[in-house]
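The lines below spell out each chain.
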Amino acid sequence: MKTAVVTGGGSGIGRAIAERLDADGHHVAVLDLNPPPDADFAYQADVTDRAQVDIALTAVRERLGPIGVLVNAAGLDGFKRFTDLSFESWQRVIDVNLNGVFHCTQAVLPDMIEAKWGRIVNISSSSAHSGQQYMAHYVAAKSGLNGLTKALALELGPLGITVNAVPPGFIDTPMLRKAAERGLLGDSLDHHIEQTPVRRIGRPEDLAATCAFLVSEEAGYITGQIIGVNGGRNT
Ligand code: NAP
């Protein structure tokens, strides 16, 4: 079993992934803006701030040893007509969803290179496949994350490190519920469920199960893949 770091592990999908990896026997550390008080190993860090990331990861290594698994789940959405989108909002959404992955990935890689083994999973978004109106900054960032995944898979494969992306679609989390409450999803949740081939909303556990497999030993021949977990939407 490995030391696993889950960013955004304080809520929603990241939290479910952290709980699943813990149940599978990994030593799990959560990095989050607001880490859950009940987690055993939780560290406050803004993934866009390299100094904060480095301090948190040093603490993780001291308590749990070298890092073998990284799940980049921290994310920030945003809804604005492109003509009204401020450059500050554009930058912040790209900073959290893409530059944060740059920082966390680069910061854990020395451990994985040393071990000649590593698993990186990037939680992107089905909107990178379909596009999404009023989310230009978010879609651009998540599309960049899919591209980063493919480039790193080629670069890190020879070093024993796999890199995959899991784009969720329509998962029941605080992020989705807040958007629904503000009427930002275009239609009601019920309408979206009717449009989903498996006829239900996704659960954070659906992502966690996929992630648990991708970080396992037996997933070692899977890299550079974009594996949608979306109930059949955006296929
Ligand atoms: P969530 O419940 O809002 O969880 C996201 C977590 O990331 C929160 O704990 C949040 O902390 C944390 N976070 C945000 N900015 C951060 C930063 N700068 N540094 C560290 N942590 C930060 O959302 P979710 O739905 O579980 O989303 C998880 C991932 O899935 C995200 O990358 C999201 O873009 C992606 N996704 C979700 C869906 C969906 O249907 N739910 C669909 C497509 C993609 P705070 O709460 O304190 O801000």
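Rules used in this analysis
Residues numbered from 1 in each chain as written. Predicted model: local features only at pLDDT ≥ 70, side-chain atom pairs only at ≥ 80, totals over all residues. Heavy atoms only, no water. UniProt positions renumbered as here; feature names shortened; annotations may be inferred. Helix = DSSP H or I, 4+ residues; strand = E, 2+ residues; numbered from the N terminus. Axes fitted to C-alpha atoms, helices over the stretch in contact; angles between N-to-C directions. Parallel < 35°, antiparallel > 145°, perpendicular 65-115°, else oblique. Left-handed = near helix turned anticlockwise from the far one by under 90°. Contact = heavy atoms within 4.5 Å. Nonpolar A, V, L, I, M, F, W, Y, C, P; charged D, E, K, R; others polar. Near = heavy atom within 4 Å. Areas by Shrake-Rupley, 256 points an atom, 1.4 Å probe, with all protein chains shown as cover. 1 Å grid on protein atoms, 1.4 Å probe; cavity = no way out; pocket = protein on both sides within 12 Å on 5 of 7 lines; lining within 4 Å. Sits in = over half its atoms within 2 Å of the grid points. Pairing = 2+ DSSP bridges. Polar contact = N/O pair within 3.5 Å; in protein donor to acceptor, adjacent residues only side chain to side chain. Points joined across faces, edges and corners; volume = space filled by probe spheres on them.

Novice: Can you walk me through the UniProt feature "domain: Ketoreductase" (unreviewed entry) in the protein in this structure?
Specialist: Following the UniProt record, one finds the feature "domain: Ketoreductase" (unreviewed entry) at residues 2-169. Along residues 2-169, the helical share is 48% and the strand share 19%, with 28 Å between the first and last C-alpha atoms.

Novice: For this particular structure, what's the right way to read the packing of helix 3 (residues 87-115) against helix 5 (residues 136-156)?
Specialist: To describe two helices that pack against each other, one gives the angle between their axes and the distance between the axes. At a closest axis distance of 8 Å, the pairing of helix 3 and helix 5 adopts a crossing angle of 20°. Here helix 5 runs roughly parallel to helix 3, going by the angle between their axes. Every pair of crossing elements has a handedness; the one defined by helix 3 and helix 5 is right-handed. Together, Ser89, Trp90, Val93, Ile94, Asn97, Leu98, Val101, Thr105 and Leu109 of helix 3 and Ala136, His137, Tyr138, Ala140, Ala141, Lys142, Gly144, Leu145, Leu148, Leu152 and Leu156 of helix 5 make up the contact between the two elements. Looking at the contact of helix 3 with helix 5, its residues break down into 14 nonpolar, five polar and one charged.

Novice: How should the site of the ligand be read in this particular structure?
Specialist: Contacts to the ligand come from 27 residues, most closely from Ser11, Asn34, Tyr138, Ile171 and Thr173. Burial of the ligand by the surrounding chains reaches 90%, relative to a free accessible area of 890 Å². Applying the majority rule of atoms within 2 Å of the grid points places the ligand in the largest pocket. Sorting the residues of the shell around the ligand by element identifies helix 1 (12-23), helix 3, helix 5 and helix 6 (174-181) as the ones contributing at least two each. When residues in the shell around the ligand are grouped by element, the largest group, three residues, is from helix 6. Along the lines of polarity and charge, the residues of the shell around the ligand split into 15 nonpolar, eight polar and four charged.

Novice: Looking at this model, I keep getting lost on the sheet that holds strand 1 (residues 3-7). Mind explaining?
Specialist: Across a sheet, paired strands are connected by hydrogen bonds in the backbone, their directions being either parallel or antiparallel. With parallel pairing, the six strands of this open sheet are ordered in space as 3-2-1-4-5-6. Pairing within the sheet leaves two strands with one partner each, and these edge strands are strand 3 (42-44) and strand 6 (161-166). Each strand axis lies, on average, 15° off the axis of its neighbour in the sheet, ignoring direction. Examined bridge by bridge, strand 4 (residues 67-72) and strand 5 (residues 118-123) share four bridges and lie parallel to one another. Across the sheet, Leu70 pairs through a bridge with Ile120, a residue of strand 5. Seen against the sheet, helix 3 touches strand 1, strand 4, strand 5 and strand 6 and runs at an angle of roughly 165° to strand 4. Its contacts with the sheet place helix 8 (residues 204-214) against strand 4, strand 5 and strand 6, and it is angled at close to 165° to strand 6.

Novice: What should I look at first to understand the environment of His26 in this one?
Specialist: On the secondary structure map, His26 appears in the loop between helix 1 and strand 2 (27-32). Taking the C-alpha atoms as reference points, His26 and Lys2, 24 residues apart in sequence, are found 5.1 Å from one another. Once you skip the residues sitting within four places of it in the chain, His26 turns out to touch Met1, Lys2, Ala4, Leu21 and Val215. Only 3.2 Å separates the side chain of His26 from the backbone nitrogen of Lys2, close enough to count as a polar contact.

Novice: When you look at empty space enclosed by the protein in this model, what are you seeing that I'm missing?
Specialist: In this approach the atoms are scanned with a rolling probe the size of a water molecule, which exposes any empty space left behind. With the rule as written, the count across this model stands at one cavity of 30 Å³ or more. Of the pockets and cavities examined, the largest cavity occupies roughly 30 Å³. Thr7, Val47, Asn72, Ala73, Ala74, Val96, Gly100, Val101 and Cys104 are the residues that line the largest cavity. Looking at which element gives the most residues to the lining of the largest cavity, the answer is helix 3, with four residues.

Novice: Looking at this structure, I do not really get the layout of surface pockets. What am I missing?
Specialist: In this structure, the largest pocket spans a volume of roughly 1300 Å³. Counting only elements with at least two residues in the lining of the largest pocket, the list comes to helix 1, strand 2, helix 3, helix 4 (127-130), helix 5 and helix 6. Taken together, the residues that form the lining of the largest pocket break down as 22 nonpolar, 18 polar and eight charged. Looking at the second largest pocket, its volume works out to about 260 Å³. What lines the second largest pocket is simply Gly9, Arg15, Ala18, Glu19, Asp22, Val28, Val30, Pro36, Asp38, Ala39, Asp40 and Phe41. Residue assignment for the lining of the second largest pocket shows that the elements contributing at least two residues are helix 1 and strand 2. Here the lining of the second largest pocket gets four residues from one element, more than from any other, and that element is helix 1.

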